[in-house]
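The residues making up each chain are set out below.
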Amino acid sequence: MPEQYKTIYMSRHFKLHRAFYVVLFSVVLMCYFCKVSPEPTTLAYYLIAILLCAVMDEYLLWRKFNVPKKFFSVRAFLAILFLSGGTLFGPPHPMEFIPFLIYDILIIYEDMILNDIFDDFGIFIRRVLYLFLVMVSMALCFRNILSGVWILLEILIGAVIVGVCYIMFHSFLEGIRMYEKKATDTHFKYINLEEERNKLLKYQDRVEQVNSEINFQKLNLVKANRELESKNEEVRSLIEMMKGFSSTFDVEENAKHMMENIMELKSPTAVGLYIREKVFLNNDPYCAVITGNETYRDAMERDFFTIYDMTQRRKNPDPLVLCDNGDFLTGILSDTSVVNAVAIPAYVNEDYYGVMVVMSGAYDFFQAGYSFYESALVDFTSSVQSTKLYLQMKDMAVKDGLTGVYNRAYFNEIFPSICAKCIVDGRSLSMALLDIDKFKSINDTYGHLAGDEVIRMVAAVDRKYADMYHGYAVRYGGEEFLLILPGYSVDEFRKILQKVHDDIVNTVVRYEKEEIHVNSSIGMSNYPEIATEIVDVLDQSDRAMYFSKENGRGMIVIFGREEEALSQVEGNRPDIRIVKDTSDIKDVQESTQEFPDDTQKKTKLA
């Protein structure tokens, strides 16, 4: 019998034993008090025998039946002997004998069960021994009536008792064998099932591992798809920027186009661009910010030069992190609620010409990196270089190479549009033609290189006042220059020309060791105060200038008001003849310096 089953069986069965011992105690005591078995010695013996049997059972229960199998056999023989030995003091009453006999049957049955005697020889020996013990016990009990047929009856009763025990034992034995066979079959099935289960568990683990890997790969694939979509969007945005950059040479428009694309794709809180002066022919620094938060705009515009100066001194093309998830690394913009901010330097061949700042109020905004912003700025830089080259080429085409003011060819191109705009806007147009006095003598005396320095000086003064009053400075001939100012009256223009004339007169041109003093003759006209047709202002300015040259030079002559110019110098210039009607002036040829747009100029003589 399996030890586990044996332990469970005996634990439950011994509870019955305890109840049985209580019954035996009660029967013995009751027989004594009822005078059925009045011998006190017999009473004491049975009580001690019952107590010893109970002690052996409690010992087995305490050891959880973890004792040698021989102990069960010894226990069975001792229990039978203890209970049978009481007959030596006198035959027991049937009330006592029957419970003792039932107890003997129980003890024999338990011994067979607990000792697992399955071989035939062992079963035969135990049958003989138990039959002998039972018969001895019965002989002692009924020794007073052992004679004749009673002996046969005793043998028969003993055989029946032992037979009943063995019938019960064999029934139980067959049940145990069937149980063990089924248990064995079940065990092997269980082993097979366990193996299958282990295989299934391994397969399940493998499937789960594969599923985990598939899910992990799926997550990576989703992440890769998102990153790919983001990169595709960035590439499309960069392509749109490049298309926009290639459609115009306006740097400011391209800068706005780039920042708007960044705002649309990445949705930062603010994006701004700073470009130092004279990068794309701009005289002032360029600064632009796109944001819906005026606080960010003010802070960025305030700190733009500091940020640019910091990136320039770093001499590092990598982005400069200003704020990382609320941690201000440089202290700049710390008075704002910005959470992330980065400054990306704009540079060409290690020349840091500007900086782009991107700000956001969201955490982990730059988790994907700064490559998109750097690429956008690189494309913008390429467009700036292209624009600068284009503007330089355009500047070379429309400006005089020696002086940097507009040339005559460009003037001929834009003069009609200037006139048309003034007419449409209802504005006046003032024009002056300026000629360097005695320029041929300067060339003959000091050389052509000195003459070039004189021309540069006069052109610089002309350009200075053109820029100051939002007009145009043009080199019209070899030493002739135009100053065109829309929107000024005759008197206002006359005062400006006086400043021009004074600057020319007061500026000394130094060439090598020589100091060259320069004077100029200026003629001017105005539409509509003087000229009835706007296109006549050029011709009238030309006539007034030649009037000045032929009447002493160094004067500012207003067309139609020549007498005013002469009256200013009449007292000091008695040799000057006043010409009241400029229509009497005749054309006379005068040799001049060669000039690409005007190989031969006309001189007005009285």
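Provided above is the structure to which this section pertains.
Residues numbered from 1 in each chain as written. Predicted model: local features only at pLDDT ≥ 70, side-chain atom pairs only at ≥ 80, totals over all residues. Heavy atoms only, no water.

Visitor: Before we move on, could you go through the overall build of the protein chain and cite the residues and values that matter?
Guide: Within the protein chain, the regular secondary structure consists of 15 helices and 15 strands. Counting across all 606 residues of the protein chain, residues that qualify as buried make up 43%. Of the contacts formed within the protein chain by residues at least 6 apart in sequence, a portion of 65% connects residues at least 24 apart. (Helix = DSSP H or I, 4+ residues; strand = E, 2+ residues; numbered from the N terminus. Buried < 20%, exposed > 50% of the residue type's maximum accessible area, 1.4 Å probe, protein only. Contact = heavy atoms within 4.5 Å.)

Visitor: Let's hear about helix H8 (residues 294-314): which residues, and what values?
Guide: Spanning 21 residues, H8 covers 29 Å between terminal C-alpha atoms, matching the ideal 30 Å at 1.5 Å per step. Taken as a whole, H8 carries its principal kink of about 50° at Asp 303. Residues of H8 that are buried: Tyr 296, Ala 299, Met 300, Asp 303, Phe 304, Ile 307, Tyr 308, Met 310 and Thr 311. The distance from a side-chain oxygen at the start of H8 to the backbone nitrogen of Thr 295 is 2.9 Å, and the residue carrying that oxygen is Asn 293. Lys 315 occupies a position one or two residues after H8 and carries a positive phi of about 55°. (Expected span 1.5 Å × (residues − 1). Bend = angle between axes of the 7 residues up to and from the residue. Polar contact = N/O pair within 3.5 Å; in protein donor to acceptor, adjacent residues only side chain to side chain.)

Visitor: Go over the pairing of strand S3 (residues 320-324), please, and point to the residues and values.
Guide: Sheet topology places S3 next to strand S5 (residues 340-348); three bridges connect them, and they run antiparallel. The partner of Val 321 across the bridge, within S5, is Val 342. Judged from the two bridges that link them, S3 and strand S4 (residues 327-328) form a sheet pairing that is antiparallel. Its bridge partner being in S4, Cys 323 is matched across the sheet by Phe 328. (Pairing = 2+ DSSP bridges.)

Visitor: Residues and numbers for the sheet that holds S4, please.
Guide: Within the open sheet, the six strands sit side by side as S2-S1-S6-S5-S3-S4. Their pairing is antiparallel. The open sheet has two edge strands with one neighbour each: strand S2 (286-291) and S4. Relative to strand S6 (residues 351-360), S5 is paired through nine bridges, and the arrangement is antiparallel. Bridged to Pro 345 within S6 is Val 355. Against the sheet, H8 makes contact with strand S1 (270-275), S2, S3, S5 and S6, and its axis sits at roughly 140° relative to S6, the strand it touches most. (Axes fitted to C-alpha atoms, helices over the stretch in contact; angles between N-to-C directions.)

Visitor: Describe the packing of helix H12 (residues 448-468) against helix H13 (residues 490-506), listing the residues and the values that go with them.
Guide: Interaxial distance between H12 and H13 falls to 10 Å at its minimum, and their mutual angle equals 150°. By the angle class used here, H12 and H13 are roughly antiparallel. The element H12 and its partner H13 pack so that their crossing is right-handed. Residues Met 457, Val 458, Val 461, Lys 464 and Tyr 465 of H12 pack against Ile 496, Lys 499, Val 500, Asp 503 and Ile 504 of H13. Classifying every residue of the contact of H12 with H13 gives seven nonpolar, no polar and three charged. (Parallel < 35°, antiparallel > 145°, perpendicular 65-115°, else oblique. Left-handed = near helix turned anticlockwise from the far one by under 90°. Nonpolar A, V, L, I, M, F, W, Y, C, P; charged D, E, K, R; others polar.)

Visitor: Any chance you could break down unusual backbone geometry for me, citing the residues and the numbers?
Guide: The residue after Tyr 527, namely Pro 528, is reached through a cis peptide bond having omega 10°. Mapped onto the fold, Pro 528 is located in the loop between strand S12 (520-527) and helix H14 (537-550). With a phi close to 65°, Leu 333 is a non-glycine residue in the positive phi region. Structurally, the position occupied by Leu 333 is in the loop between S4 and S5. Residue classification places Leu 333 among the buried positions, given a relative accessible area of 2%. With phi around 55°, Asp 364 is a residue other than glycine that occupies positive phi space. On the accessibility criterion, Asp 364 (45% relative accessible area) is partly exposed.

Visitor: Just give me the short version of the packing of aromatic side chains, but keep the residues and values in it.
Guide: Inspection of every chain in the model, using the stated rule, returns 15 aromatic pairs. Between Phe 372 and Tyr 373 the ring centres are 5.6 Å apart and the planes differ by 70°, which places this aromatic pair in the edge-to-face class. For the ring pair Tyr 406 and Tyr 472, a centre distance of 6.4 Å and an interplane angle of 45° mean the geometry is tilted. One end of the pair, Tyr 406, is in the loop between helix H9 (371-398) and helix H10 (408-425); the other, Tyr 472, is in strand S8 (residues 472-475), and 66 residues separate them in sequence. Note on Tyr 472: relative accessible area 26%, which makes it partly exposed. Through pairs of rings, three or more aromatic residues link up here, namely Phe 365, Phe 366, Tyr 370, Phe 372 and Tyr 373. (Phe/Tyr/Trp six-rings, centres within 6.5 Å; stacked < 30°, edge-to-face > 60°.)

Visitor: Now, about the pattern of salt bridges: what can you tell me, with residues and values included?
Guide: Inspection of every chain in the model, using the stated rule, returns 15 salt bridges. The salt bridge involving Arg 197 is made with Glu 194; its shortest N-O contact spans 3.3 Å. Here the residue Arg 197 and the residue Glu 194 both occupy positions in helix H6 (residues 149-246), the gap between them amounting to three residues, near one helical turn. Lys 464 is the salt-bridge partner of Asp 503, the closest N and O atoms lying 3.3 Å from each other. Of the two residues, Asp 503 sits in helix H13 while Lys 464 sits in helix H12, which places them 39 residues apart along the sequence. Look at the salt bridges and you will find they share partners, linking Arg 302, Asp 303 and Asp 335 into a network. (Salt bridge = Lys/Arg side-chain N within 4 Å of Asp/Glu carboxyl O.)

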